[in-house]
Every structure is written in C-alpha cells, then in structure tokens.
Amino acid sequence: MAWFRKSTPTEPLAVTMAGVKLGDRFLAVGLGDPVLTAALAIKSGLTGQARAVDPDEARLERARAAIEREGALIEATRAPWGLWPFDSESVDVAVINNLLLALPAEARSRCVAETFRVLRPGGRVVVIEPARRGGMGALLHRESVDSNYEGPVAALRSNGFVAVRELAQAGGSIYVEGIKKA
C-alpha cells in the first residue's frame, strides 16, 4: 500500500502555459511537436479553431497524421515563414514551439512579425524553447544557435509585442509570453 504517491499533472506544463481555452482561435507556429499541438487544438474545442503553419511538407504530413491519432482537429497549412494565408487579427493565441532559435535571423524576424499580424488586439503569443544552460553545462554542451539571437523576449519586443515576460523556466524549457497591444 502506497501512503505517499507522487501526483501526476493532468496536462503537460506547455499546455497550461499556453492558456488556450474553449472557443479560442489557436495557431501553432511550426509542427515540430505534434503531440503538444494536438493537446492545444483539443483545448480550443469544436467551438474554437485550431490551425498550424509550417513550410516543410514532409513534417506537415507527419504532423497531420500524429495529430489525428491524438484525436484533434486542426487545419494545417504549408507556407513559408512570414507569408501566411491567414487574415490579419484572426488568432487569439499563437504558440511558437522550439522554432525561433533554429531559424536564421531574417526568417525569425519574419515569423515573429507574421505572428504579430495574425493576432487580434489583446491576443497573446507564447514562445517555448530550451532554456539556455549555465555553468559547466554551457561549456560541455555548446549551443549551435545564431550568436546574434538574443532570445525570445528580445525577439518579441523588437516586433511590437508588449508586456513581454518570462512565464516560467521548468523541465529544461523557458516559456515567454507577449501581448499584441489592444
């Protein structure tokens, strides 16, 4: 008989941090983690709308199949960073997961600017990426990130987002939020 059981969270921290609610118009920017994308799409429910955008056709097809297996409905679109076929101000919440640090500077800027364009006034973006290592971890695991990339806070601020802040740093990831001024 176990007296002390380790509690298990009901949903991943990334889902909680994103804050997607029933009825939200949600956009996943990049499809590197289809399980997370599916969990977020499920949160928006049938009364909301779930979309995803990625320029890689093969990744898009793999993600579509994985998202469907998870039981989510999502409209996945192939489009280059910065040229999305979505109306301006048509999204409530956007999540950029493990993408910005991998993009070249120009593509990163276009991606964040396009996210800003599609968000409604008062809409929010959540950027999730690996936390930077410090101390010996930084020496032993050199990151192959663009040395000019100053991180998600700077990327969001330089593209017009306000109230940009780090929400949390847990499980090796950092969660940063920005709001499109109303």
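Residues numbered from 1 in each chain as written. Predicted model: local features only at pLDDT ≥ 70, side-chain atom pairs only at ≥ 80, totals over all residues. Heavy atoms only, no water.

Draft legend 1. Seen up close, the overall build of the protein chain. The helix and strand inventory of the protein chain stands at six helices and seven strands. Of the regular secondary structure in the protein chain, the N- to C-terminal order runs α-β-α-β-α-β-β-α-β-α-α-β-β. Every one of the 182 residues in the protein chain was classed for burial, and the buried ones make up 43%. For the protein chain, the share of sequence-separated contacts (at least 6 apart) that also reach a separation of at least 24 residues comes to 70%. (Helix = DSSP H or I, 4+ residues; strand = E, 2+ residues; numbered from the N terminus. Buried < 20%, exposed > 50% of the residue type's maximum accessible area, 1.4 Å probe, protein only. Contact = heavy atoms within 4.5 Å.)

Draft legend 2. Structural context of the pairing of strand E2 (residues 49-54). Counting buried residues in E2 gives five out of six residues, a clear majority hidden from the surface. Judged from the five bridges that link them, strand E1 (residues 25-29) and E2 form a sheet pairing that is parallel. Bridge pairing in E2 places valine 29 opposite valine 53. For the crossover from E1 across helix H2 (residues 34-44) to E2, the handedness is right-handed. (Pairing = 2+ DSSP bridges. Right-handed = clockwise from strand over helix to strand, strands pointing away.)

Draft legend 3. Layout of the sheet that holds strand E7 (residues 173-179). Strands sit in the order E3-E2-E1-E4-E5-E7-E6 across an open sheet of seven strands; the sheet is mixed. Edge strands, defined here as strands with exactly one partner in the open sheet, are strand E3 (75-78) and strand E6 (162-170). The sheet shows a mean angle of 20° between the axes of neighbouring strands, taken without regard to direction. Where strand E4 (residues 91-97) lies against strand E5 (residues 119-130), six bridges are found, and the strand directions are parallel. Note that in E5 the partner of asparagine 97 across the bridge is isoleucine 128. Taken strand by strand, H2 contacts E1, E2, E4 and E5, and its axis lies near 170° from that of E1. In the packing of helix H4 (residues 105-118) onto the sheet, contacts are made with E1, E4 and E5, and the angle to E5 comes to roughly 145°. (Axes fitted to C-alpha atoms, helices over the stretch in contact; angles between N-to-C directions.)

Draft legend 4. Local environment of the pairing of E1. Burial analysis of E1 places four of its five residues in the buried class, which makes it a mostly covered element. Sheet topology note: the E1/E4 ladder contains four bridges and is parallel. The partner of alanine 28 across the bridge, within E4, is valine 95.

Draft legend 5. Highlighting the side chain of serine 90. Counting through the fold element by element, serine 90 comes out in the loop between E3 and E4. On the basis of relative accessibility, which here comes to 10%, the residue serine 90 falls in the buried class. Not counting chain neighbours up to four residues away, the residues in contact with serine 90 comprise Arg25, Arg51 and Val118.

Draft legend 6. Expanded view of the environment of asparagine 98. Take asparagine 98: it is sitting in the loop between E4 and H4. Judged by relative accessible area, which is 43%, asparagine 98 ranks as partly exposed. Between the C-alpha atoms of asparagine 98 and leucine 31, which are 67 residues apart in sequence, the distance is 9.4 Å. Discounting residues that sit within four places of it in the chain, asparagine 98 has contacts with Ile128, Glu129 and Pro130. There is a polar contact of 3.4 Å between the side chain of asparagine 98 and the side chain of asparagine 97. (Polar contact = N/O pair within 3.5 Å; in protein donor to acceptor, adjacent residues only side chain to side chain.)

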